[in-house]
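# Analysis of the macromolecular model
Spelled out from the first residue to the last, the chains are:
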Amino acid sequence: MELWTSLPVIVRILLGIVAILLPLLGLVAYYTLAERKIIGYIQVRIGPNRVGFRGLLQPIADAVKLMFKEIVIPTRADKGLFLLAPMIAIAPALAAWAVIPFDAGLVLSDINAGLLYILALTSLGVYGIIIAGWASNSKYALLGAMRSAAQIVSYEIAMGFALVGVLVAAGSLNLGAIVGAQSGSALTWFWLPLLPLFGVYLVSGVAETNRAPFDVAEGESEIVAGFHVEYSGMAFAVFFLAEYANMILIATLTALLFFGGWLSPFPQAWVDGVFLLDDGFHWLLVKVFFFMFVFLWLRATFPRYRYDQIMRLGWKVFIPITIAWILVVGLAVVYKLPPWWAV
Amino acid sequence: MGFEKFLFYCFAAITVVAAGMVVTRRNPVHAVLYLVLAFVSSAVLWLLIEAEFLGIVLVLVYVGAVMVLFLFVVMMLDVDLAALRAGFVRFLPIGGLVAAAMAVQIFLVVGPANFGLEAFPKPPAAPAEYSNTEALGLALYTEHLYPFEIAAVILLVAIVAAIRLTLRRRPDTKYIDPSAQVQVKKGPDRVRLVKMPAEGKVETP
Amino acid sequence: MLDNYLPVLIFILIGILVGVGPLVLGYFLGPRRPDREKDSPYECGFEAFESARMKFDVRYYLVAILFIIFDLEIAFLFPWAVALEGLGMVGFVAMTLFLGILVVGFIYEWRKGALEWE
């Protein structure tokens, strides 16, 4: 600890970023394997099992393969923007992790406007998609980008409103404080008083990341692969990385905002100091893995929505629900409704 | 102080260069993307003067929403550059007049009298736990309640105007109403069984 | 406050680098053998016809405009939500009025069919 505080600030920050990014990128790599394996088992297949023991080296093989592939740039594409798009897609997906707390006090940058910062960064994700679609000079890419952009934009409103509900409940924009406001037991976590908002947030998160059943942007049966149809090799890999990093981010945020983050589900009095049952990073990990699994589960279970159905759900169902529930929660906070907002 | 000043000059330079690119780029999509860059770096400048909430909301609203609309428009409208440039000389006097008027207005607002460290001393660095957003909320919804409700009316007008201007129904396209679709009940709504008498033996030629 | 934003700034720069790195890697490791067919935009096997940058239905612009308006609403809701405990009932009524006015707009959208995707 003394060694840590003696290091210059910049070195500490860089070490912190590396300590977040490396496990995150590893998790992304193995999330792709988990996806293929889990969906395989759900569909009574065994998934990849050739590379390494039970296919455990598959993500590495995939990465190496993509590395040695040509980055094809289509003729008449806007070359600069074509290469800029994947960078714009990945930078916000990673930078959002700067304000994510992993345990009480364990956060890289403890800013007061944490949630606002995350909402602002997620709203930048749409640029990578629009620019990729337009720069490719391909009809399918442009169609996919437009669909994707309109969908992301629509669900961002529902997501924003759901986040406002969390804010009303917690009274703070700081993610650590939001988790702190949920302390107690599994029954005082926000999923219970904010149940409709939790549902809206999770579904909007799936739609926001363009995942099945909301993946009309990719819609391989109609527009091949959507906005990244012209991308190959590492340029494609970066988009892929961004998509999975975003999924993990949404899973983490769901765990932090609605499921008490690193808090133990049992009342504090029962588990105080008990090994593994007390609050800690491992609880966050368990919750995040669960929501990451939900993403795959949804993909394996539901058929793709139609585009008009997606837009209807976002505008006509989610927005009225969230507006009404924000006011309900507001009243509960003003009147200090126990057990969540007792004096 | 040194590092903050360095950051200020970096991002101020980026803002100015990006703003210059916005008006000089031929390709409207590039111009819009430079405008995005200008907004992002001005957001950093706002953060540097401790305006935390406003800085991030600038990114959220302008970059995340307004510029997306701009991009939609310039990407999809096929702006005819030759036609635009043809009118350049003809409209130059009017444009110059408008620009001069704006320059005078800006000068009156942020002229030397109202500018500089004497008029605007640097705000004291806020303590780490000070919440800019909360302070804003406490002021906005009590002291400035009336303008806040006016803002709602302006947004309402914007909604109505946007719909009146752009909504265009297409009676010729056939489409499915998902609201009606999800209300379909099991049974008579979904399938209609028709009882038909069996046909007699058909003679095949 | 600014001290807390330094890691954010560095993280954003590193995030961009993580995007640049693989591209550079792919550029050096991968082959570069362009040919006319390979570099032509994908069109299900046809020769590409017409410009790919086509005009889009005005409906997309309407979605974007409505998005801006609702995004502004969210921006107004953020400070309210944080300060609600200090504002009490006055703040709650103020926001109910604000949202009420905007719900009128929302109902107008709905009745006009602006939320319909044909």
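Keep in mind that this is a model prediction, so the values were computed, not measured.

### A word on the overall build of chain B
In terms of helices and strands, chain B carries 8 helices and 0 strands. Within chain B, buried positions represent 20% of all 205 residues. Partitioning the intrachain contacts of chain B with sequence separation of at least 6 by distance along the chain shows that 55% fall at a separation of at least 24.

### Focus on the overall build of chain C
Check the secondary structure of chain C and you find 3 helices and 0 strands. Within the span of chain C, comprising 118 residues, buried residues form 40% of the whole.

### Notes on the confidence of the model for chain C
Reading predicted coordinates in detail is not appropriate for stretches of low pLDDT. Per-residue confidence for chain C gives a mean pLDDT of 82, with 87% of residues at or over 70. Predicted complex metrics record ipTM = 0.88 and pTM = 0.89.

### Points about the interface of chain B and chain C
With 51 residues of chain B in contact, the opposing surface of chain C contributes 43 residues. Looking at the side of chain B that touches chain C, the elements with two or more residues in it are helix 3 (52-76), helix 6 (132-140) and helix 7 (145-166) of chain B. Per element, the largest residue contribution to the side of chain B that touches chain C is 14 residues, and it comes from helix 3 of chain B. Partitioned by chemical class, the residues of the side of chain B that touches chain C number 35 nonpolar, 7 polar and 9 charged.

### Details of the interface of chain A and chain C
Across the contact, 64 residues belong to chain A and 56 residues belong to chain C. Of the residues forming the side of chain A that touches chain C, the biggest block, 13 residues, is contributed by helix 6 (residues 139-170) of chain A. Of the residues contributing to the side of chain A that touches chain C, the split by class is 44 nonpolar, 12 polar and 8 charged.

### Topic: the packing of helix 6 of chain A against helix 13 (residues 307-334) of chain A
Residue and element names in this part refer to chain A. One way to put it is that helix 6 packs onto helix 13 with a least axis distance of 8 Å and a crossing angle of 15 degrees. Considering their axes alone, helix 6 and helix 13 lie roughly parallel with respect to each other. In this structure, the crossing between helix 6 and helix 13 has a hand that is left-handed. Each residue belonging to the contact of helix 6 with helix 13 can be placed in one class, and the counts come to 19 nonpolar, 6 polar and 1 charged.

### A closer look at the nonpolar core
Side chains that are nonpolar tend, in soluble globular proteins, to be buried together. Membership of the largest hydrophobic core comes to 200 residues, with the highest contact counts inside it found for V166(A) and L167(A). With 28 residues, the top contributor of residues to this core is helix 3 (residues 59-112) of chain C. Leave out the neighbours within four places in its chain, and V166(A) touches I178(A), F190(A), L194(A), L197(A) and L257(A).

### With respect to the packing of helix 3 of chain B against helix 3 of chain C
The interhelical angle for the contact between helix 3 of chain B and helix 3 of chain C, taken along N-to-C directions, is 175 degrees, at an axis separation of 9 Å. In terms of orientation, helix 3 of chain B lies roughly antiparallel with respect to helix 3 of chain C. Listed contacts from helix 3 of chain C to F53(B), V57(B), L60(B), V61(B), G64(B), A65(B), V66(B), V68(B), L69(B), F72(B) and V73(B) of helix 3 of chain B are Y60(C), Y61(C), A64(C), I65(C), F67(C), I68(C), D71(C), L72(C), A75(C) and P79(C). Here the residues of the contact of helix 3 of chain B with helix 3 of chain C are counted per class, giving 19 nonpolar, 1 polar and 1 charged.

### Thoughts on helix 5 (residues 88-110) of chain B
Largest kink in helix 5 of chain B: about 35 degrees, centred on I94(B). Across the 23 residues of helix 5 of chain B, 0 count as buried, placing the element largely on the outside.

### Section: helix 6 of chain B
Inspection of helix 6 of chain B places N132(B), T133(B), E134(B), L136(B), G137(B) and L140(B) among the buried residues, and these make up the whole buried set. In this structure, the buried side of helix 6 of chain B is in contact with helix 3 and helix 7 of chain B together with helix 3 of chain C.

### Digging into the environment of V294(A)
Residue and element names in this part refer to chain A. Mapping V294 onto the fold places it in helix 12 (residues 281-301). What makes V294 partly exposed here is the crowd of 15 C-beta atoms within 10 Å. Along the primary structure V294 and V206 are separated by 88 residues, whereas in three dimensions their C-alpha atoms are 9.8 Å apart.

### Focus on the environment of I71(A)
Within the secondary structure, I71(A) sits in the loop between helix 3 (58-67) and helix 4 (79-95). Between the C-alpha atoms of I71(A) and G133(A), which are 62 residues apart in sequence, the distance is 16 Å. The residues touching I71(A), leaving out its near neighbours within four places in the chain, are S232(A), G233(A), M234(A), A235(A), G26(C), Y27(C) and G30(C).

### Quick notes on unusual backbone geometry
Even without being glycine, V44(A) reaches a positive phi, approximately 55 degrees. Positionally, V44(A) belongs in the loop between helix 2 (9-42) and helix 3. Its 6 C-beta neighbours within 10 Å are what place V44(A) among the exposed residues. A positive phi angle is found at E50(B), which is not glycine, with a value near 70 degrees.

### Describing the environment of W325(A)
All names here are of chain A. If you trace the backbone, W325 turns up in helix 13. Spatially, the C-alpha atoms of W325 and L197 are 7.4 Å apart, while their sequence positions differ by 128 residues. When residues no more than four places from it in sequence are discounted, the contact partners of W325 are G165, P196 and L197.

Conventions used here
- Residues numbered from 1 in each chain as written.
- Chains lettered and ligands numbered in written order.
- Predicted model: local features only at pLDDT ≥ 70, side-chain atom pairs only at ≥ 80, totals over all residues.
- Helix = DSSP H or I, 4+ residues; strand = E, 2+ residues; numbered from the N terminus.
- Buried ≥ 20, exposed ≤ 12 C-beta atoms within 10 Å, placed from the backbone.
- Contact = placed C-beta atoms within 7 Å.
- pLDDT = per-residue confidence, 0-100.
- Nonpolar A, V, L, I, M, F, W, Y, C, P; charged D, E, K, R; others polar.
- Axes fitted to C-alpha atoms, helices over the stretch in contact; angles between N-to-C directions.
- Parallel < 35°, antiparallel > 145°, perpendicular 65-115°, else oblique.
- Left-handed = near helix turned anticlockwise from the far one by under 90°.
- Core = buried A, V, L, I, M, F, W, Y, C linked by C-beta atoms within 7 Å.
- Bend = angle between axes of the 7 residues up to and from the residue.

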